[in-house]
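Inside the fold
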Amino acid sequence: QVQLVESGGGLVQAGDSLRLSCAASRMPVTSYTMGWFRQAPGKERECVAAISGSGGNTYYADSVKGRFTISRDNVENTVTLQMNSLKPEDTAVYYCAADRDYGLESVSAVEYDYWGQGTQVTVSS
């Protein structure tokens, strides 16, 4: 059974950095579009970054462009979200997700097939 496990969340101050990692089991990350989503209380789940199976296409939400970077380690079978210059509005539960559609066709949560359990990121002002 496919399993995605996130790690790296925590409590930081505005301006700090965090690195989230997603370890995938029983699925090669190179065969899926991998995405990082977040959900804050009372808000819809949104995609902040995604990377295609080939690694050639990436997506970033406007709110995180220039601050967040998604990357993949094909040997370790992990996907990482490097988050810099964090802001209080980045506070949310962050989820790793996989879409069987290889080519980054969608950043809508309903299109993603597998999900991790989520990791809390809290940014204090």
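See the structure above.
Residues numbered from 1 in each chain as written. Predicted model: local features only at pLDDT ≥ 70, side-chain atom pairs only at ≥ 80, totals over all residues. Heavy atoms only, no water.

1. Thoughts on the overall build of the chain
The following threshold applies: Per the convention used, a helix needs a DSSP run of H or I reaching at least four residues, while a strand needs a run of E reaching at least two, with both numbered from the N terminus. Note on method: radius of gyration uses C-alpha positions; expected globular size equals 2.2 Å times residues raised to 0.38. Each residue's exposure class comes from its accessible area (1.4 Å probe, protein chains only) as a fraction of the maximum for that residue type: buried when under 20%, exposed when over 50%, partly exposed otherwise. Residues count as neighbours in contact if any of their non-hydrogen atoms are within 4.5 Å of one another. In these tables, accessible area is a Shrake-Rupley quantity obtained with a 1.4 Å probe, and a residue counts as shielded only by the protein chains included in the view. Counted as positive: Lys and Arg. Counted as negative: Asp and Glu. His and the chain ends are not counted at all. Positions of charges follow a simple convention, taking NZ of Lys, CZ of Arg, CG of Asp or CD of Glu.
In terms of regular secondary structure, the chain is built from 0 helices and 11 strands. Tracing the chain from N to C terminus, the helices and strands come up as β-β-β-β-β-β-β-β-β-β-β. Here the C-alpha atoms of the chain give a radius of gyration of 13 Å, agreeing with the 14 Å that 2.2 N^0.38 yields for 125 residues. Along the three orthogonal principal directions, the C-alpha set of the chain runs to about 40 × 25 × 25 Å. Looking at the chain as a whole, 44% of its 125 residues qualify as buried. Taking as baseline every contact in the chain between residues at least 6 positions apart, the subset at least 24 positions apart corresponds to 60%. Of the accessible surface of the chain, which amounts to about 6,200 Å², a share of 43% is contributed by carbon and sulfur atoms. Here the chain contributes 10 positively and 14 negatively charged side chains, and the mean placements of these two sets differ by 3 Å.

2. Here's the deal with the state of the cysteines
Note the threshold: Counting rule for disulfides: a pair of cysteine sulfur atoms within 2.5 Å.
Inspection of the entire model under this criterion finds 1 disulfide. Sulfur-sulfur distance for the disulfide between cysteine 22 and cysteine 96 comes to 2.1 Å. Taking the sign of the S-S torsion, -75° for the link of cysteine 22 and cysteine 96, the bridge is left-handed. Of this pair, cysteine 22 sits in strand E3 (residues 18–25) while cysteine 96 is found in strand E9 (residues 92–99), placing the two residues 74 residues apart along the sequence. By the burial criterion, cysteine 22 is buried, and cysteine 96 matches it. Of all cysteine sulfurs in the structure, the one in cysteine 96 sits closest to cysteine 47, which takes part in no disulfide; the separation is 11 Å.

3. Re the sheet that holds E3
Heads up, the rule is: What makes two strands pair is DSSP finding at least two bridges between them. Every angle, taken between N-to-C directions, lies between 0 and 180 degrees, and every axis is a line fitted to C-alpha atoms, over only the stretch in contact when it is a helix.
Ordered by their spatial adjacency, 4 strands build an open sheet running E1-E3-E8-E7, and the pairing between neighbours is antiparallel. Looking at which strands have only one partner, the edges of the open sheet turn out to be strand E1 (3–7) and strand E7 (68–73). Across the sheet, the mean angle from the axis of one strand to that of its neighbour is 15°, orientation sign disregarded. Here E7 pairs with strand E8 (residues 78–83) via 6 bridges, running antiparallel. The residue bridging arginine 72 from the neighbouring strand is valine 79, located in E8.

4. Regarding the pattern of salt bridges
Oppositely charged side chains may form a pair once their charged atoms are brought near each other. The criterion, for reference: A carboxyl oxygen of Asp or Glu within 4 Å of a side-chain nitrogen of Lys or Arg is what we treat as a salt bridge.
Counted according to the given criterion, the structure contains 5 salt bridges. Two residues, arginine 38 and glutamate 46, come together in a salt bridge whose shortest N-O distance is 2.8 Å. Owing to a relative accessible area of 6%, arginine 38 belongs among the buried residues under this scheme. Residue class for glutamate 46 comes out partly exposed when judged on its relative accessible area of 31%. For aspartate 90, the salt bridge goes to arginine 38, with nearest N and O atoms at 2.9 Å.

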